[in-house]
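# Architecture and fold: a report
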Amino acid sequence: MKKVVKFGGSSLASARQFKKVGEIIRSDKSRRYVVPSAPGKRSDKDEKVTDLLYQCYDAASTGASYKKILDKIKKRYEEIIDGLDLNLNLDHEFSRIEENFVARAGRDYAASRGEYLNGLVMAQYLGYEFIDAAEVVFFDDNGVLDGKATDRELSERLEHVERAVIPGFYGAKQDGTVKTFSRGGSDVTGSLVAKAIHADMYENWTDVSGFLVTDPRLVENPEVIEVITYRELRELAYMGASVLHEDAIFPVRKEGIPINIRNTNRPNDKGTLIVESTCRKPRFTITGIAGKKGFCSINVEKAMMNSEVGFGRKVLQVFENYGISFEHMPSGIDTMTIFVHQSEFEEYEQSVIAGIHRAVEPDYVELESDLALIAVVGRGMKATRGTAGRIFSALAHARVNVKMIDQGSSELNIIIGVKNADFETAIKAIYDIFVTAEL
């Protein structure tokens, strides 16, 4: 059995955390390939090493004083190395980094050094082979990941390597220039490694015990989702729920490799298993609740619009002309409503209204601002009667007025539109009716 294990910044913020990670890896011989992030915060007032690297590079590349920041970064690694009793000296690495900073090697290069250095420390600590991600993760000249070349190189390189550490978050372009993923990109590196070695499991270790049913900032101590499908995860992630970098899903999904979200500080917790499909009955009727504020709706009314061929296309063409994408589009016989991001729409609102009038000659166009969209997602909803009714009942009891409800034909999710001011109340009400009441 082969597992890829990725550890986030909070899991590697100090020597103490490193030791927890070491125990986790050594407790299971199948955990053979390790993807580390850069050291994160040790406390709320602390700074992430990646942020310090950005500060140091910006100073060095502009000729400003940078030595104090560089010394602070060195100290972080020295504390980890000393705490682990390692015979490792990074002076040569820091000298090279300093030279490249002054030579303006780029902010991507600067940001990547946190993972690179932590990879060296991790490899020494575990006795694993170190493989620089710049040698095996490739981007094209436009900075887009070259999945095929990366998979080919990683597969060949790791085929005869029993155990290895591959730093997350970065790779290189064809000319050797270091290129990073967006923040959280170590998740993607772990996924690419898992695909390349045909792993049995991709374990993603972080500071939470899995994917939560909803945002803990809105509901106190929400339950953990035991099993979630990729489709459910995508729906929730799109609406703002975040544990994994979104791009980390696709490489392993293609291979049918499950992802296990685990907690470094509570290694006995099972966490959340993310799978392609499952026969396991969900614990609750719903899997998760997520949402976003900041939408507005454009309601277009015209008698007999349903019989006017091309009406919807003409309306949407107006939005496309101004580079505005729509989120949802519920419609009736004589009405269609388009939900868009308010921040994108405000600049062009009068032009869009005029464009709609020219395109389809509506009877009436009405705007409503300050709306929120909430996604209620769950594979269990399809087999459960009255799910939408329970949502309406819960919201009515909480005195929340529903502006829109939209259910896809897959019956995997229900989207509810409410006023921004009712967002938190609505999520709590839905959580209580489907989770608290079913405990």
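Preceding this section is the structure that the text describes.
Now for a look at the structure at hand. (Residues numbered from 1 in each chain as written. Predicted model: local features only at pLDDT ≥ 70, side-chain atom pairs only at ≥ 80, totals over all residues. Heavy atoms only, no water.)

The next point concerns the overall build of the protein. In terms of regular secondary structure, the protein is built from 14 helices and 16 strands. With respect to the three principal axes, the spread of C-alpha positions in the protein is 80 × 50 × 40 Å. Counting over 439 residues, the protein shows a buried share of 53%. For the protein, the share of sequence-separated contacts (at least 6 apart) that also reach a separation of at least 24 residues comes to 75%. Accessible surface computed for the protein: about 20,700 Å², of which carbon and sulfur atoms make up 45%. One way to put it: in the protein the 57 positive side-chain charges average out to a point 4 Å from where the 65 negative ones average out. (Helix = DSSP H or I, 4+ residues; strand = E, 2+ residues; numbered from the N terminus. Buried < 20%, exposed > 50% of the residue type's maximum accessible area, 1.4 Å probe, protein only. Contact = heavy atoms within 4.5 Å. Areas by Shrake-Rupley, 256 points an atom, 1.4 Å probe, with all protein chains shown as cover. Lys, Arg positive; Asp, Glu negative; His and termini not counted. Charge placed at Lys NZ, Arg CZ, Asp CG, Glu CD.)

Looking now at the packing of aromatic side chains. Counted according to the given criterion, the structure contains nine aromatic pairs. Ring geometry for Phe-101 and Tyr-109: centres 6.2 Å apart, planes at 85°, overall edge-to-face. Three or more aromatic residues joined by ring pairs form one cluster here, namely Tyr-57, Phe-101 and Tyr-109. The ring of Tyr-125 has Arg-26 lying over it, and the distance from NZ or CZ to the ring centre is 4.7 Å. Stacked on the ring of Tyr-116, the Lys or Arg Arg-113 has its end atom at 4.4 Å from the ring centre. (Phe/Tyr/Trp six-rings, centres within 6.5 Å; stacked < 30°, edge-to-face > 60°. Lys NZ or Arg CZ within 6 Å of the ring centre and 35° of its normal.)

Here we come to the sheet that holds strand S12 (residues 326–328). The antiparallel open sheet is built from six strands, whose spatial order is S12-S13-S11-S14-S16-S15. Each of the sheet's edge strands pairs with one partner strand only, and the pair in question is S12 and strand S15 (404–407). Strand-to-strand twist across the sheet, computed as the mean angle between neighbouring axes with direction ignored, equals 40°. Here S12 pairs with strand S13 (residues 335–341) via two bridges, running antiparallel. The residue bridging Phe-326 from the neighbouring strand is Val-340, located in S13. Contacting strand S11 (288–301), S12 and S13, helix H10 (residues 311–321) crosses the sheet at an angle of about 25° to S13. Packing of helix H12 (residues 349–360) onto the sheet brings it into contact with S11 and strand S14 (364–377), and relative to S14 it is tilted by some 105°. (Pairing = 2+ DSSP bridges. Axes fitted to C-alpha atoms, helices over the stretch in contact; angles between N-to-C directions.)

Relative to each other, helix H6 (residues 147–158) and helix H7 (residues 186–196) sit at 65°, their axes nearing to 8 Å. For H6 against H7, the interelement crossing comes out right-handed. Contact residues: H6 offers Thr-150, Asp-151, Leu-154, Ser-155 and Leu-158, while H7 offers Leu-192, Val-193, Lys-195 and Ala-196. (Left-handed = near helix turned anticlockwise from the far one by under 90°.)

Turning to H10, its buried residues are Phe-311, Val-315, Val-318 and Phe-319. Relative to the axis of H10, the buried residues are bounded by an arc of 95° and lie together on one face. Exposed residues pointing more than 90 degrees away from the buried face of H10 are listed as Arg-313, Glu-320 and Asn-321. Summarising the contacts, the buried residues of H10 are in contact with S11, S13, helix H11 (342–345) and H12. A positive phi of about 70° marks Gly-323, the residue just after H10. (Arc of directions from axis to C-beta.)

Geometry only, nothing functional implied.
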